[in-house]
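Listed below, chain by chain, are the residues.
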Amino acid sequence: MHESAAYIFVNALLANNFVLAMFLGLCPFLGVSGKLDTAFPMGVATTFVMLVASLCAYGLNLLLTAFQLEFLRLISYIVIIASSVQLVEMVLKKYSPGLFRALGIYLPLITTNCAVLGVALFQTAREYDFVQSMAFSFGGGAGFTLALVLMASVRERLQLSDVPSVAQGTALSLMLAGILSLFLICTALLLIGL
């Protein structure tokens, strides 16, 4: 079945959101989503890394398949992702040192973000063509950003609320993630008409 790029984008953005449906990339989701000022830039940085990783993984997969070296996929994808993250780090350090410091340890952790690696592995396993791969990676990155921004918005509002001590901290964050997950899945189902 040949899926359209628009369908793949919306599917990765909402119905199969890496964070809220597949539970990939939870470390930065929980760590950086405390403030909107850091959540959005982290999402954009991760989206950029996803796009670069997807682009390179697509080309690299063609090369590895041509030479029957498919067993090198995983290590090759990890090298691509690590290189992309280094590029993002250098750009942020030079042009936005405040944001670089605010993101702290979570910026280099994009290298080990399983959502980024998931993009490369899923697109390869699903045998997406170039356009489908780009739609998938952009949808996945936009979905990651959406999840971070929604969570940060809710968490900022909750700082002004009286939350019982039993539900504060990680427990509340995980409950909110579950509610956001249900919201995104229901939205996706409404969009595709089910």
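Everything below is about the structure printed above this text.
Bear in mind that the values here come from a model prediction, so they are computed numbers and not experimental data. (Residues numbered from 1 in each chain as written. Predicted model: local features only at pLDDT ≥ 70, side-chain atom pairs only at ≥ 80, totals over all residues. Heavy atoms only, no water.)

So what's going on with the overall build of the protein? Residues and values would help.
In terms of helices and strands, the protein carries 8 helices and 0 strands. The secondary structure elements of the protein, listed N-terminal to C-terminal, are α-α-α-α-α-α-α-α. For 194 residues, the compact-globule estimate of 2.2 N^0.38 gives 16 Å, and the C-alpha radius of gyration of the protein, at 17 Å, lies within 12% of that figure. In terms of overall dimensions, the protein has C-alpha extents of about 60 × 45 × 25 Å along its principal axes. Here the protein, with 194 residues, has 41% of them falling under the buried criterion. Pairs at least 24 residues apart make up 77% of the contacts formed inside the protein by residues separated by at least 6 positions. Counting every atom, the protein has about 10200 Å² of accessible surface; 70% of that belongs to carbon and sulfur. Across the protein, the centroid of the 8 positively charged side chains sits 11 Å from that of the 8 negatively charged ones. (Helix = DSSP H or I, 4+ residues; strand = E, 2+ residues; numbered from the N terminus. Rg over C-alpha atoms; globule rule 2.2 N^0.38 Å. Buried < 20%, exposed > 50% of the residue type's maximum accessible area, 1.4 Å probe, protein only. Contact = heavy atoms within 4.5 Å. Areas by Shrake-Rupley, 256 points an atom, 1.4 Å probe, with all protein chains shown as cover. Lys, Arg positive; Asp, Glu negative; His and termini not counted. Charge placed at Lys NZ, Arg CZ, Asp CG, Glu CD.)

Quick one: what's the story with the side chain of N17, residue by residue and with numbers?
Of note, N17 is situated in the loop between helix 1 (5-15) and helix 2 (26-32). Only 2.9 Å separates the side chain of N17 from the backbone oxygen of G143, close enough to count as a polar contact. When neighbours within four sequence positions are excluded, N17 is seen to be in contact with N11, A12, M22, G143, F144, A147 and L184. (Polar contact = N/O pair within 3.5 Å; in protein donor to acceptor, adjacent residues only side chain to side chain.)

Tell me about a nonpolar patch on the surface, residues and numbers included.
A surface patch of nonpolar side chains, amounting to about 920 Å² of accessible area, comprises L63, F67, L69, F71, L72, L74, I75, I78, V79 and L121. Looking at the nonpolar patch, the element that brings in the most residues is helix 4 (residues 73-95), giving 4 residues. Residue placement: I78 occurs in helix 4. By relative accessible area, which is 36% here, I78 ends up partly exposed. (Patch = residues over 30% accessible without salt bridge, like charges linked within 9 Å, V, L, I, M, F, W, Y side chains within 5 Å. Salt bridge = Lys/Arg side-chain N within 4 Å of Asp/Glu carboxyl O.)

Residue-level account of the nonpolar core, with values.
Core analysis: the biggest nonpolar cluster contains 50 residues, and L20, F29 and I110 have the highest contact counts within it. Per-element tally for this core: the top contributor is helix 3 (residues 36-66), with 9 residues. (Core = buried A, V, L, I, M, F, W, Y, C linked by side-chain atoms within 4.5 Å.)

Go over the side chain of S173, please, and point to the residues and values.
Its location among the elements puts S173 in helix 8 (residues 170-192). With near-sequence residues (within four places) excluded, S173 lies in contact with L30, M151 and R155.

How would you summarise the packing of aromatic side chains if you had to cite specific residues and measurements?
Here the structure, examined in full by the defined rule, presents 5 aromatic pairs. Ring centres of F18 and F136 lie 5.7 Å apart, and the angle between their planes is 65 degrees; this geometry places the pair in the edge-to-face category. Here F18, found in the loop between helix 1 and helix 2, pairs with F136, found in helix 7 (residues 130-158); they are 118 residues apart in sequence, far enough to count as distant. Residues F18 and F136 agree in their burial class; the two are buried. For the pair Y128 and F136, a centre-to-centre distance of 5.5 Å together with 65 degrees between the ring planes defines the contact as edge-to-face. Judged by its relative accessible area of 10%, Y128 falls in the buried class. Since its relative accessible area comes to 3%, F136 is described here as buried. Here the aromatic residues F18, F122, Y128 and F136 are joined through ring pairs into a cluster of three or more. One cation-aromatic arrangement involves K94 over Y95; the distance from NZ or CZ to the ring centre is 5.9 Å. Its end group placed over the ring of F122, R126 keeps NZ or CZ at 5.1 Å from the ring centre. (Phe/Tyr/Trp six-rings, centres within 6.5 Å; stacked < 30°, edge-to-face > 60°. Lys NZ or Arg CZ within 6 Å of the ring centre and 35° of its normal.)

Account for helix 1, with residues named and values stated.
Of all the residues in helix 1, the buried ones are I8, N11, A12, L13 and L14. Buried residues along helix 1 sit in contact with helix 7 and helix 8.

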